[in-house]
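Breakdown of the fold
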Amino acid sequence: MASPRLLHALPAVYAAAAVRLLQPLLVLPLMAQRLGPEAFGRVSFVLVWSALLAMLVEGGFLAAATRLAVNADAPQRWRLAQQVASARSLLCLPTLLLAGLVVALLGAPGSGLAETLTIAALACALGWPATWYLQASQQLAGWARTELVVYAALIAATVWLAHDAATFLALQLAASTALALLGWRWLQRDLAPAAEGSGLLQRDALAPGLRLGWTMLPVSVAGAAYSAALPAAASVQMGPQALGTYFLGDRLLRAVLNAAEPVFALVYPRIVARQAQGLRASLVYAGRWAVGGGLAGLALLGGLTLAWQMLEPLVAQRAGQVDLPALREVLARLGWLLPLLLGWKFIGYWMLGSGRFDGAYRTCVVVGGVAGTLGAATWATAATPPGLALLAVGVELLVIAVAVAGMALTRR
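Predicted model only: the values in this text are computed from it and were never measured.

1. Here we look at the overall build of the protein
When helices and strands are tallied, the protein shows 19 helices and zero strands. The burial tally for the protein puts 54% of its 412 residues in the buried class. Sequence-distant contacts, at least 24 apart, represent 85% of the contacts inside the protein between residues at least 6 apart. With an accessible surface of roughly 17,800 Å², the protein has 67% of that area assigned to carbon and sulfur atoms.

2. Section: the pattern of salt bridges
Per the counting criterion, the structure on display carries five salt bridges. The closest approach of N and O atoms between Arg88 and Glu58, which form a salt bridge, is 3.5 Å. Taken as a pair, Arg88 in helix 4 (residues 74-106) and Glu58 in helix 2 (residues 37-58) lie far apart in primary sequence, 30 residues in all. The pair Arg88 / Glu58 is uniform in exposure class, with both members buried. The partner of Arg333 in a salt bridge is Glu329, and the shortest N-O contact between them spans 2.8 Å. Taken together, the positions of Arg333 and Glu329, both in helix 16 (residues 324-334) and four residues apart, correspond to about one turn of that helix. Judged by relative accessible area, which is 27%, Arg333 ranks as partly exposed.

3. Regarding the confidence of the model for the protein
Per-residue pLDDT for the protein has a mean of 83; in total, 89% of the residues score no lower than 70. Confidence scores differ between elements of the protein, with helix 11 (residues 217-226) showing the lowest mean pLDDT of 67 and helix 8 (residues 165-190) the highest of 94.

4. Overview of the packing of aromatic side chains
Going through the model one piece at a time under the given rule, you end up with eight aromatic pairs. Ring centres 5.8 Å apart and planes at 80° place the aromatic pair Trp143 and Trp186 in the edge-to-face group. Here Trp143, found in helix 7 (residues 140-161), pairs with Trp186, found in helix 8; they are 43 residues apart in sequence, far enough to count as distant. Trp143 gets classed as buried once you look at its relative accessible area, which sits at 6%. Grouping aromatic residues by their ring pairs yields a cluster made of Trp128, Trp132, Tyr133 and Trp184. A cation over an aromatic ring shows up here: Arg189 above the ring of Trp186, its NZ or CZ 4.8 Å from the ring centre.

5. Brief notes about helix 16
Burial in helix 16 covers these residues: Leu324, Ala326, Leu327, Val330, Leu331 and Leu334. Buried residues of helix 16 fall within an arc of 160° about the axis and therefore sit on the same side.

6. Let's talk about the side chain of Glu58
By relative accessible area, Glu58 is classed as buried at 10%. Ignoring any residue separated from it by four or fewer positions in sequence, one finds Glu58 in contact with Arg88, Gly127 and Ser220.

7. Description of the nonpolar core
With 128 residues, the main nonpolar core has Trp132, Phe168, Trp184, Leu187, Met351 and Leu388 as its most contacted residues. By residue number, the principal contributor to this core is helix 17 (residues 337-354), which donates 12 residues. For Leu187, the contacting residues outside a window of four places in its chain are Trp78, Ala81, Trp132, Tyr133 and Leu200.

8. A word on the state of the cysteines
Under the definition given, this model contains zero disulfides. Considering cysteine sulfurs only, Cys92 is the nearest to Cys124, which forms no disulfide, with 3.4 Å between them. By relative accessible area, which is 18% here, Cys124 ends up buried.

9. Examining helix 3 (residues 61-69)
Those residues of helix 3 not exposed but buried are Phe61, Ala63, Ala64, Ala65, Thr66 and Ala69. Where helix 3 is buried, its residues contact helix 2, helix 4, helix 6 (131-136), helix 10 (203-214), helix 14 (261-273) and helix 17.

10. Remarks on the layout of surface pockets
Of the pockets and cavities examined, the second largest pocket occupies roughly 240 Å³. Lining the second largest pocket are Leu279, Arg280, Leu283, Val284, Trp350, Arg356, Phe357, Met407 and Arg411. Looking at the lining of the second largest pocket, the elements with two or more residues in it are helix 15 (279-318) and helix 19 (385-411). If you tally residues by element for the lining of the second largest pocket, the top one is helix 15, at four residues. Of the residues contributing to the lining of the second largest pocket, the split by class is six nonpolar, no polar and three charged.

11. What to know about the environment of Leu182
Summarising the element assignment, Leu182 is placed in helix 8. Between the alpha carbons of Leu182 and Pro129 there is a distance of 8.5 Å; along the sequence they are 53 residues apart. Not counting chain neighbours up to four residues away, the residues in contact with Leu182 comprise Trp143, Thr146 and Val150.

12. A word on the environment of Arg88
Taking the relative accessible area as the measure of exposure, Arg88 reaches 1% and is therefore buried. Taking C-alpha positions, Arg88 is 8.9 Å from Leu206, a pair spaced 118 residues apart along the chain. Excluding anything up to four places from it in sequence, Arg88 contacts Val57, Glu58, Phe61, Gly127, Trp128, Pro129, Trp132 and Trp184. Reaching out from Arg88, the side chain makes a polar contact with the backbone oxygen of Glu58 at a distance of 3.3 Å.

13. Observations concerning the packing of helix 18 (residues 358-378) against helix 19
For the pair helix 18 and helix 19, interaxial distance at closest approach is 8 Å and the crossing angle is 155°. Taken together, the axis directions place helix 18 and helix 19 in an arrangement best described as roughly antiparallel. Crossing angle aside, the handedness with which helix 18 passes helix 19 is right-handed. Listed contacts from helix 19 to Ala360, Thr363, Cys364, Val367, Gly368, Ala371, Gly372, Gly375 and Ala376 of helix 18 are Leu388, Leu391, Val395, Leu398, Val399, Val402, Ala403, Gly406, Met407 and Thr410.

Rules and cut-offs
- Numbers given for residues are sequential positions, taken from 1 along each chain in its written order.
- The predicted origin of the model limits local features to residues at a pLDDT of at least 70 and limits the giving and counting of side-chain atom pairs to 80 or more, whereas totals for whole chains, interfaces and linings rest on all residues.
- To obtain the side-chain values, all non-hydrogen atoms of the structure were used and water was disregarded.
- Elements are defined by DSSP. Helices are runs of H or I of four residues or more, strands are runs of E of two residues or more, and each kind is numbered from the N terminus.
- Burial status follows relative accessibility: with a 1.4 Å probe on protein chains alone, a residue under 20% of its type maximum counts as buried, one over 50% as exposed, and anything between as partly exposed.
- Residues count as neighbours in contact if any of their non-hydrogen atoms are within 4.5 Å of one another.
- Here the accessible surface of atoms and residues is derived via Shrake-Rupley with a 1.4 Å probe, and residues count as covered only by protein chains that are part of the display.
- Put simply, a salt bridge is a Lys or Arg side-chain nitrogen that is within 4 Å of an Asp or Glu carboxyl oxygen.
- In predicted models, pLDDT denotes the confidence assigned by the predictor to each residue on a 0 to 100 scale.
- Paired rings are identified among Phe, Tyr and Trp, the last through its six-membered ring, by centres lying within 6.5 Å, and are further divided according to the angle between planes into stacked (under 30 degrees), edge-to-face (over 60) and tilted (the rest).
- By the criterion adopted, a ring carries a charge over it if an Arg CZ or a Lys NZ lies within 6 Å of its centre and within 35 degrees of its normal.
- By arc we mean the arc of the directions from the helix axis to the C-beta atoms, nothing more.
- What is meant by a nonpolar core is a set of buried Ala, Val, Leu, Ile, Met, Phe, Trp, Tyr and Cys residues, joined one to another through side-chain atoms within 4.5 Å.
- Pairs of cysteine sulfur atoms within 2.5 Å are what we label disulfides.
- We place a 1 Å grid over just the protein atoms. Points where a 1.4 Å probe fits but has no way out form a cavity, open points with protein on both sides within 12 Å along at least 5 of 7 lines form a pocket, and any residue with an atom within 4 Å of a point lines it.
- Grid points are joined across faces, edges and corners, and a volume is the space filled by probe spheres set on the points.
- Each residue is assigned to one of three groups, with Ala, Val, Leu, Ile, Met, Phe, Trp, Tyr, Cys and Pro labelled nonpolar, Asp, Glu, Lys and Arg labelled charged, and all others, Gly among them, labelled polar.
- Throughout this description, a polar contact denotes any pair of N or O atoms lying within 3.5 Å of each other; where both atoms belong to protein, one of them has to be capable of donating a hydrogen while the other can accept it, and for residues adjacent in sequence the pair is counted only when both atoms sit in side chains.
- Here, axes are lines fitted to C-alpha atoms. For helices the fit covers the stretch in contact, and angles between N-to-C directions go from 0 to 180 degrees.
- By definition in this entry, angles of less than 35 degrees are roughly parallel, angles greater than 145 are roughly antiparallel, angles of 65 to 115 are roughly perpendicular, and the rest are oblique.
- Note on convention: the crossing is left-handed when the near helix lies turned anticlockwise from the far helix by less than a right angle, right-handed when the turn is clockwise.

Put into C-alpha cells, the structure is as follows:
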C-alpha cells in the first residue's frame, strides 16, 4: 500500500485529534463541578488505574508489532494480528485480579466489586485497539473519521447525560469499547484475503504473541508509570481531593500533548522506513522533527501561559471547590513537559526503530518508570499536587539523560 503524503494525511488526523483534545478540556472541568472534589477524586482513581492496567493488556504491541508490520505483507500482518489478539485475550485475565488488589489496598471505604469491575473493564477496552496495524499500514487519516464520530458522540453524551460518576464512567467505557471493536473490524476487512477463513484467536499464535509483546511490555508499563499514570502511584499517599486536583491539571496538559500524537504516529513508520538508508539518514530525519517539536513546545508553553492568565478569572467562577492556586502551580510546572516531550519523542522513536539503540531506549524508560513510581509513592513532596508535578518533569529529564548515556555506551 502506498504511503500517503504527510501533508495530505495530517488534516483528517488532526480533526480527530482536535475532538480528543476537547474531550478532557470540556468534560473534566464539567465533571469536577458536577461531582464535587471527593467524588471526582474517586473517578480520577478509577481512570488513572485503568490507564495503567491497560498497558498490561496492550502488551507492548503498539511498539513491537508496529515495527514489524511496517514492511510486512498481508499474510505476515494477519499472522501478527493473530498473535496480538491471542496474547491480549490472555492478558485480560490478570487485569481483573490486579484491579481487585488495587481496590482492596487503595480503594476508599465502601468501594468494592463495582469499582474493581469498572477498572478492569476500562483497562481491557483501553488496551485492545488495533492502532498498531492502522499506524503501520499508514491508514490513520482514514481511521480519523471513525474517531471523530466516536469522540464527538462521547462529548455530547457526557454533557447531556453524565450527572453522576457511574454514568460518566459507563460512557467512557462505551466509547473505548467501540473504538477497539471498530479498529479490529477494520483490520479484518483489510486482511480478509490473507486470512483464508482462519480466526483471530489461535492457540499456536499465543506463545509467539507473548514473546513478541514481552520485548516491549516492560517499556509500555514503565512509560505509563512515569507519565500518564503517575497519579496512580501517588494515590498511595495522596488523598482523593488532592489527587483530583493533580489529575485535572495533568489531564489538561496531557490533552495538549496528545494533540501531537497524530504527528508521532505518522512520522514513526517513516523513521523506521528510513533505516534502510542507514542510521545517520534516519537520525537526521528524526532530528529535524525533534528541533521543530521542541520549538513548537516552547511556543505552546508561552501561549498557554498567557491564555491561562486571561481565562483563570472565568474558570474561577465555574470551578466549584477545585483548588485553583494548586491547579495553577501544577500547570505551570507540568507545562515544561511540552518542549521536552514534543522534541524528545522523535529521538526516542528513532532509538526504538534503529535496531541498535532500542536496548538503550528500553533501559531509559524502565529507569524512569521505577524512579517515577517510587518517587510518587514515597517522596513526601510528591504527596502534594505541585510536588508531584515537579517529580513528573524531573523524571522526564532523568529518562533523557539515561537515554543519551545508553547511546554513548552502545556506540563504544
